[in-house]
Every structure is written in C-alpha cells, then in structure tokens.
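Summary of the model geometry
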Amino acid sequence: MELGGFLRSRRARLQPADVGLEPGPRRQAPGLRRTEVALLAGISLDYYVRLEQGRGPHPSDQVLTALGRALRLTGDEHAYLLRLARPAPPPAPRPVPGNVLRLLDRLGDVPAMVIDARYDLVAWNRMLAALIGDPAGWPPRQRNRLRRLFDTGDTITGNRLELARTCVADLRASGRYPADPAVRSLVDELLGESPEFARLWAEREVAVQRTLTKRTVHPVAGPLELDCEILAVPGHEYRLLVYTAAPGTPSAAGLRRLRTG
C-alpha cells in the first residue's frame, strides 16, 4: 500500500535526535521506531502499526496532521499524505483550454510547452520546436518527457540525474498514482524498463516541481542555461512550461539567434 510505504520511508529518514529524543540502547535499524512515531503523534502504537500495514481505519485530518508533524513532513509531503489517505478518482480527460493555447502562441520570444499529468507533451510553440526539434515529427510515445529522460541505456549522472530525481519526485507528488490508470501504466512501464527510474521511484521522494534549470548546447544557439517556470493550469491536469534566459547573458543572445535562425 502506498500510504504504508510512504510512512515507512519518512520514518526511516529521521533519527531520534532530529525529533528531540534520546537514541537509547540496542538501536539496530536506521530511523525512528514505530513506538517513537506513535508517541510523537499522540496515537496508539497499534493504530500506527495498522496504518503502516495498510489495514487501519481511515485516519482523521487531526491524525494526519499529527503524523505530518511527527515525521517532519514538508508542505508537499503533507499534501501527498492527505491524498493517499483520501484517494479520489482521476478527473476525466479534457482538452487543453483555448486560453492556454492562445497564450502559448503569444509567447513568441521564448520556448514554451504544455504537458499533462503523465508528462506527455501535448502542445508547444515555434521556439520550443527550434530548441529541441519539432515534436510533431516524433512518434507519440517519444513525446513523453519521462520516457525521453530515462530511455538512454546508460547510467544517468550529473545534471541529468538531478533532473530525473526532480521529475520522479514531482510525478509522485501529483497524487495521480496509483488511482490514475494512465499514470500507473507509465510508472509500471518505466519500472520494468529503467533500473534508474526504479531506484528513484523506490526512494519515495515527494516535491512539486515549480522551477528548473535546463542546460544544453544547441547547434545554432550555442551553450544555453535556461530558467524554466512551471505554471499549473487551474482546474486542469495541464502545466505550462516557459523557458527564459537572464538578460544580457550568452544564453539570452542564444535565444535571439533561435528566433531569427
């Protein structure tokens, strides 16, 4: 069960000193003991054990808040905990809103694209095509950013590993797994095909991706370091990604070359 696995993973990353407890003797396993989490959260040990084992009752908001404090969860992690305890069916697919598509077209000076909950690229502008190639010519499967990230056949290192870890944590933070069949099928596929993805997924990191930095060398624009803002579309699964460069930098000059190239 996702809820139990997440609780165990957050318990394992904490040491007694992190929460103001004495370590005590004969501590063999890393992390907090179940008794310590139950004590910190003000709930019975039996109740907490049943939560970790996936056989407990539906915890109240008060219990979830207490567990969040006890396990020192971040805001994104606490939101994820709430979604695990209150699973909701995935929303019905809807087309990209027209106002988002119009905004995408108006962003003529910078690369921009729209992705859905499973990281499928569903819309883009001319500058994005100039930066990474025109996705219209790619097979549909290759328009998935996670597949492209992990389908290398090699060990992922450096900046690519940092991006991979961030994307996996963001995919889990969406709360769409395992209830959303489309997201679940993608996760199952990547677990079977990419040891790197499987390793990162097993870490159960949770963090919503709001910004990132893209570094690349383009044949026309040269070396680029671009800041990416990730903007959620209210009421939809879609997100708008916009890439910009700091004014006066070589990367800004590179984007100008892309526009006129």
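Here's a quick rundown of the structure. (Residues numbered from 1 in each chain as written. Predicted model: local features only at pLDDT ≥ 70, side-chain atom pairs only at ≥ 80, totals over all residues. Heavy atoms only, no water.)

**A word on the side chain of E2**
Note the cut-off: Numbering of helices and strands starts at the N terminus; helices are DSSP runs of H or I of at least 4 residues and strands are runs of E of at least 2. The buried label goes to any residue with under 20% of its type's maximum accessible area, the exposed label to any with over 50%, and the partly exposed label to all in between, with areas taken from a 1.4 Å probe on protein chains only. Within 3.5 Å is the distance limit for a polar contact, defined as a pair of N or O atoms, with the added protein rule that one can donate a hydrogen and the other accept it, and that residues adjacent in sequence qualify only through two side-chain atoms. Every residue pair with non-hydrogen atoms within 4.5 Å of one another is taken to be in contact.
Looking at where E2 falls in the secondary structure, it is placed in helix α1 (residues 2–12). By relative accessible area, which is 16% here, E2 ends up buried. Here the side chain of E2 touches R172 through a polar contact of 2.7 Å, side chain to side chain. Apart from the residues lying within four places of it in its own chain, the contact partners of E2 are Y80, L84, R172, Y177, P178 and R204.

**What to know about the environment of R34**
Mapped onto the secondary structure, R34 falls in helix α2 (residues 34–41). Judged by its relative accessible area of 29%, R34 falls in the partly exposed class. Sequence separation of R34 and V217 is 183 residues, and the distance between their C-alpha atoms is 49 Å. In this structure, R34 is in contact with R11, L45, Y48, V49, E52 and Q53, ignoring residues within four places of it in sequence. At 2.9 Å, the side chain of R34 forms a polar contact with the side chain of E52.

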